[in-house]
Amino acid sequence: MLRISKTDVVREMCRRSFAEFVKEAWPIIEPSTPLVWNWHMDAVCDHLQAVTDGRIRRLLINIPPGTSKSTLVNVFWPAWEWGAAGLAHYKIISASHAQDLATRDSRKMRDLIKSEWYQEHWPTQIVDDQNQKTYYQNSHTGFRQASAVGSMTGKRGDRVIWDDPHSIEDALSQTKRETAIRVFKETLPTRLISPEYSAIVIVMQ
């Protein structure tokens, strides 16, 4: 008789569905905050999974604050790609208008990757000599780099994630908005490994 363990079941569910991965992994990142699932989370997860599947290459998500936008897009999604989606070799560049925000989500993803739950399902080691809050590599040559958008130089990624291109105050400035548009058109495409196959994902209020 074939016996299937609970670990195998969870692994397969998460492979098929990014949303299921979020539901399973949520307590690791937010242990004191109960997950309240809403339809918008299904929509975000479905679109991000479409990026992973290659059906979308440029994705803009506009969503109010307090809706887990950064956690879904900038923490869970790249961790899912490295693990359940079998894309641990992917190189990820994440940016925000402020370095501390980019660092926050990079650290959360690293905490998830290193958790006992994640390692049980998708063993993915962080390379010891390349293990910082703003830059780390895994044992499959993938890496994550986090920076303020003005510091996006040097490396290129399979994924470029831009979380909050400008602050709430800067959104009122036409100059700042025009700068964000220019960065999207001129800077972000130069950070892609493959202009044809790599993806840009922007999430903002």
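Here the residue numbers are simple positions, counted from 1 along each chain's written sequence. Per-residue local features are limited, in this predicted model, to residues with pLDDT of at least 70; the limit for side-chain atom pairs, both in listing and counting, is 80 or more; totals at the level of whole chains, interfaces and linings are taken over all residues. To obtain the side-chain values, all non-hydrogen atoms of the structure were included, while hydrogens and water were left out.

Caption draft 1: Local environment of a nonpolar patch on the surface. Without a salt bridge and with relative accessible area above 30%, a residue can belong to a patch; like charges are then joined within 9 Å and nonpolar side chains (Val, Leu, Ile, Met, Phe, Trp, Tyr) within 5 Å. Residue burial considers only the protein chains on display, and all accessible areas are found by Shrake-Rupley using a 1.4 Å probe. Definition used for salt bridges: Asp or Glu carboxyl oxygen within 4 Å of a side-chain nitrogen of Lys or Arg. Taken together, Ile4, Val9 and Met13 make up a surface patch of nonpolar side chains, about 260 Å² in accessible area. Secondary structure counts use DSSP, requiring at least four H or I residues in a row for a helix and at least two E residues in a row for a strand, with both numbered from the N terminus. Among the secondary structure elements, Ile4 is positioned in the segment before helix H1 (6–16).

Caption draft 2: Structural detail: the packing of helix H2 (residues 18–29) against helix H3 (residues 39–52). In the contact formed by H2 and H3, the axes pass within 8 Å of each other and the chain directions differ by 120°. Between H2 and H3, the angle is such that the two are oblique. Residue-level inspection shows Phe18, Ala19 and Val22 of H2 in contact with H3, the latter providing Asp42, Cys45, Leu48 and Gln49. Three categories are distinguished: nonpolar for Ala, Val, Leu, Ile, Met, Phe, Trp, Tyr, Cys and Pro, charged for Asp, Glu, Lys and Arg, and polar for the others, with Gly belonging to the last. A per-class count over the contact of H2 with H3 returns five nonpolar, one polar and one charged. In this description, a line fitted to the C-alpha atoms serves as the axis of each element, helices being fitted only across the stretch in contact, and the angle between N-to-C directions of two axes falls anywhere from 0 to 180 degrees. These descriptions rest on fixed angle ranges, namely under 35 degrees for roughly parallel, over 145 for roughly antiparallel, 65 to 115 for roughly perpendicular, and the rest for oblique. We call two residues in contact whenever any of their non-hydrogen atoms come within 4.5 Å of each other.

Caption draft 3: Focus on the packing of aromatic side chains. Classification of ring pairs uses Phe, Tyr and Trp, with its six-membered ring standing for Trp, and accepts pairs whose centres are within 6.5 Å; under 30 degrees between planes counts as stacked, over 60 as edge-to-face, and the remaining range as tilted. What the rule picks out here adds up to 10 aromatic pairs. Centre to centre, the rings of Phe21 and Trp117 are 5.8 Å apart; their planes meet at 50°, and the pair counts as tilted. With Phe21 in helix H2 and Trp117 in helix H6 (residues 116–121), the pair connects residues that are 96 residues apart, well separated along the chain. On the basis of an interplanar angle of 75° and a centroid distance of 5.4 Å, the ring pair of Trp117 and Trp122 is categorised as edge-to-face. Summarising the burial analysis for this pair, Trp117 and Trp122 share the class buried. One aromatic cluster is present, built from ring pairs that chain together Phe21, Trp26, Phe76, Trp117, Tyr118 and Trp122. Seen from the ring of Phe143, Lys155 lies directly overhead, with NZ or CZ sitting 5.4 Å from the centre. Summary of the burial criterion: residues with accessible area below 20% of their type's maximum are buried, those above 50% are exposed, and those between are partly exposed, where the area comes from a 1.4 Å probe applied to protein chains only. For a lysine, the NZ atom is tested; for an arginine, the CZ atom; a charge sits over a ring if that atom is within 6 Å of the ring centre and within 35 degrees of the ring normal.

Caption draft 4: How the structure looks around the state of the cysteines. Any pair of cysteine sulfurs within 2.5 Å is marked as a disulfide. Counted according to the given criterion, the structure contains zero disulfides. With no disulfide partner, Cys45 has as its closest neighbouring cysteine sulfur the one in Cys14, 11 Å distant. For Cys45, a relative accessible area of 0% gives the class buried.

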